[in-house]
Amino acid sequence: MNLHLTSTITMPEHKLRREVVELCRLTGKPLLKLSTKDYIDHGMRHYVEQFGSAGLVNIEVFNELQHTITGWPGGKPNSDDTLRPERAKPFPKRVVVFSPHPDDDVISMGGTIRRLIQQGNDVHVAYETSGDIAVNDDEVTRFMHFIKGFNQLFANGADEVIGRVYQQMKQFMEKKREAERETYGDNKYLHPTQMDPVMADIPEVLTLKGLIRRGEARLACAYNNIPSDHIHFLDLPFYESGTIEKLPMTEQDVQPIQKLLSTIQPHQIYVAADLADPHGTHRKCTDAVLAAIDEEKHLDAEWLADCRVWMYRGAWAEWDIADIEMCVPMSPEELREKRNAILKHQSQMESAPFLGNDERLFWQRAEDRNRETARRYDELGLACYEAMEAFVEYHF
């Protein structure tokens, strides 16, 4: 089994598009205003000679980019799909969105998910890891207070299991806070999201943290009208080290993904290719999905013949304009709906442990990134939208 497929991902060449888009950047001009002189001055005379005029080169690249834009990410039924990034048939499509953490789906492609659902596609979301270590201890304390209060109100505090586990968790949290005070002193309160953990969480705390993230993911899915039986928590083993440093990926990480794919037999798969993720979780999750696809390919699975894989990026980076092969626009209202779904993940707001050096919250990063993509399309002289989500096709 090949467990290192991300090293084989290559970007589409799009050589002409790439060089002409760069020429637009150098000259500060939109595509359709590039002149013969611009091409000659920047060592690109050969394109003018090849196409016959600068105008014809401009139109060629303009059309290429224009045809990446679609309001129908699942394909538009009963329409000519010759120049569309997604095929019209079959419709509706079965779709699986793989999300490395329980919020990457809405951060990276929340607008596209809503479009897919609103247009009648059958959308499943598969959360690959629990995301437990990315929950701040204060969130655990808040939920512990709730659990204790709930138990006292509705069970007269008589539940021995809750009482025993609660006391065990309470003692651990007190011990952990004391260790943090000894290590960081007042600095803990200056930079609470930048601290390295001083103690690995006990299994009960990790379980509660994972439960918190599951609840948030379910809320976001409900907001996007995804049925509960279309939400899949895979809890891949490589993530469950309890620390930032993850375990090696094995076949045990690939098998649940392969089982899910063979059961659903999707027409579309969306997978994270945000390899700039500083902790490497996205890369391993992508490896696992692509390895599962590879295994199905070796088994000659018939469903793969009618399936496309689209790669998205998220909070850490975006595709280069020249690489984009499908771009889904959003109106101001649609961008706000995407934000609302992201905000369902309350544990990942200000108190999230791994926000990194970027002070923006995840919803702010997502909006800025999506608006920047729209701005770049606008600068090239294409349609002007509020925001856009971008994808590149993976060919297996």
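For the structure, see preceding data.
Reading the values: rules and limits
Residues numbered from 1 in each chain as written. Predicted model: local features only at pLDDT ≥ 70, side-chain atom pairs only at ≥ 80, totals over all residues. Heavy atoms only, no water. 1 Å grid on protein atoms, 1.4 Å probe; cavity = no way out; pocket = protein on both sides within 12 Å on 5 of 7 lines; lining within 4 Å. Points joined across faces, edges and corners; volume = space filled by probe spheres on them. Nonpolar A, V, L, I, M, F, W, Y, C, P; charged D, E, K, R; others polar. Patch = residues over 30% accessible without salt bridge, like charges linked within 9 Å, V, L, I, M, F, W, Y side chains within 5 Å. Areas by Shrake-Rupley, 256 points an atom, 1.4 Å probe, with all protein chains shown as cover. Salt bridge = Lys/Arg side-chain N within 4 Å of Asp/Glu carboxyl O. Helix = DSSP H or I, 4+ residues; strand = E, 2+ residues; numbered from the N terminus. Phe/Tyr/Trp six-rings, centres within 6.5 Å; stacked < 30°, edge-to-face > 60°. Buried < 20%, exposed > 50% of the residue type's maximum accessible area, 1.4 Å probe, protein only.

A. Representation of empty space enclosed by the protein. Summed over all chains, the structure comprises two cavities of 30 Å³ or more. Reported here for the second largest cavity is a volume of approximately 30 Å³. As for the second largest cavity, its lining consists of Gly-111, Arg-114, Arg-115, Gln-118, Glu-334 and Glu-337. Of the residues that constitute the lining of the second largest cavity, the class distribution is no nonpolar, two polar and four charged.

B. Inspection of a nonpolar patch on the surface at higher detail. The grouping of Phe-146, Phe-150, Leu-153 and Phe-154 at the surface amounts to a nonpolar patch, some 520 Å² of accessible area in total. Counting through the fold element by element, Phe-150 comes out in helix H6 (residues 137–155).

C. Looking closely at the layout of surface pockets. For the second largest pocket, the calculated volume is near 250 Å³. Considering the residues around the second largest pocket, the lining is formed by 13 residues, among which Val-21, Cys-24, Arg-25, Glu-379 and Leu-380 are closest to the centre. Counting residues per element, the ones that place at least two in the lining of the second largest pocket are helix H1 (15–27) and helix H13 (362–379). No other element matches H1, which puts five residues into the lining of the second largest pocket. Among the residues forming the lining of the second largest pocket, the class breakdown is five nonpolar, one polar and seven charged.

D. Representation of the packing of aromatic side chains within the structure. Taken as a whole and assessed by the stated rule, the structure comprises five aromatic pairs. Taken together, a centroid distance of 5.4 Å and an interplanar angle of 20° make the contact between Tyr-127 and Phe-233 stacked. Of the two residues, Tyr-127 sits in strand E2 (residues 122–127) while Phe-233 sits in strand E3 (residues 231–233), which places them 106 residues apart along the sequence. With a centroid separation of 5.4 Å and an interplanar angle of 70°, the aromatic rings of Tyr-270 and Phe-391 are classed as edge-to-face. Pair noted here: Tyr-270 is in strand E4 (residues 268–272) and Phe-391 is in strand E7 (residues 387–394), with a separation of 121 residues, a long-range link. Through pairs of rings, three or more aromatic residues link up here, namely Phe-146, Phe-150 and Phe-154.

E. Structural view of unusual backbone geometry. Along the chain, Lys-89 connects to Pro-90 via a cis peptide bond; the corresponding omega equals -5°. Position of Pro-90 among the secondary structure elements: in the loop between helix H4 (54–66) and strand E1 (94–99). Positive phi, close to 45°, is recorded for Asp-235, a residue that is not glycine. Of note, Asp-235 is situated in the loop between E3 and helix H10 (251–264). A residue is classified by how much of its surface remains accessible, and Asp-235, at 31% relative accessible area, is partly exposed. You will see that Gln-265, though not glycine, has its phi angle at about 50°, which is positive. Along the chain, Gln-265 falls in the loop between H10 and E4.

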